[in-house]
Amino acid sequence: VQLVESGGGLVRARGSLKLSCAASGSIFRINDMGWYRQAPGKQRELVATITDGGSTNYADSVKGRFTISRDNGKNTVYLQMNNLKPEDTGVYYCKAYSFSRGASRWLEVWGQGTLVTVSA
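**A look at the packing of aromatic side chains**
Tallying each qualifying case throughout the model produces four aromatic pairs. Taking the centre distance of 5.4 Å and the plane angle of 70 degrees together, the rings of Phe-99 and Trp-106 count as edge-to-face. Under the relative-accessibility criterion, Trp-106 is labelled partly exposed at 34%.

Structure representation (structure tokens):
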């Protein structure tokens, strides 16, 4: 299974962006999906997660501004980001848990990341 993110770019503060992450390959079942970000010189941190049933969880720093959603039929997760701030700048990574029938276990899969830059 591979994850490919898209939608990053340069935006001014208070602007909006929508990220997408599509899973492809030999997909049997995908469980939780989420978005993480890593700012320059900082550790990767959780932004938001969503279960296959639609339950969501957000970092306090993005609550009320970001919305995570998914389309299970398309194996795609989205992150709508509104009222962006310069401190939201970073590489945004998608993560998913995919069940491997060959290994008979859940595998953690990461995308390659997409850069979001928010200017003041």
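**Describing unusual backbone geometry**
One non-glycine residue, Arg-14, adopts positive backbone phi at about 80 degrees. Residue Arg-14 is classed as exposed on the basis of its relative accessible area, which comes to 67%. One non-glycine residue with positive phi stands out, namely Asn-75, at about 50 degrees. Note that Asn-75 resides in the loop between strand 7 (66-71) and strand 8 (76-81). Overall, Asn-75 belongs to the partly exposed group, its relative accessible area being 23%.

**Digging into the pattern of salt bridges**
Counted according to the given criterion, the structure contains six salt bridges. The salt bridge involving Asp-88 is made with Arg-37; its shortest N-O contact spans 2.9 Å. With Asp-88 in the loop between strand 8 and strand 9 (90-100) and Arg-37 in strand 4 (residues 30-38), the pair connects residues that are 51 residues apart, well separated along the chain. Each member of the pair, Asp-88 as well as Arg-37, carries the same accessibility label: buried. Glu-108 is the partner of Lys-95 in a salt bridge, and the nearest nitrogen-oxygen pair spans 3.6 Å.

Scoring rules and cut-offs
Residues numbered from 1 in each chain as written. Predicted model: local features only at pLDDT ≥ 70, side-chain atom pairs only at ≥ 80, totals over all residues. Heavy atoms only, no water. Phe/Tyr/Trp six-rings, centres within 6.5 Å; stacked < 30°, edge-to-face > 60°. Buried < 20%, exposed > 50% of the residue type's maximum accessible area, 1.4 Å probe, protein only. Helix = DSSP H or I, 4+ residues; strand = E, 2+ residues; numbered from the N terminus. Salt bridge = Lys/Arg side-chain N within 4 Å of Asp/Glu carboxyl O.

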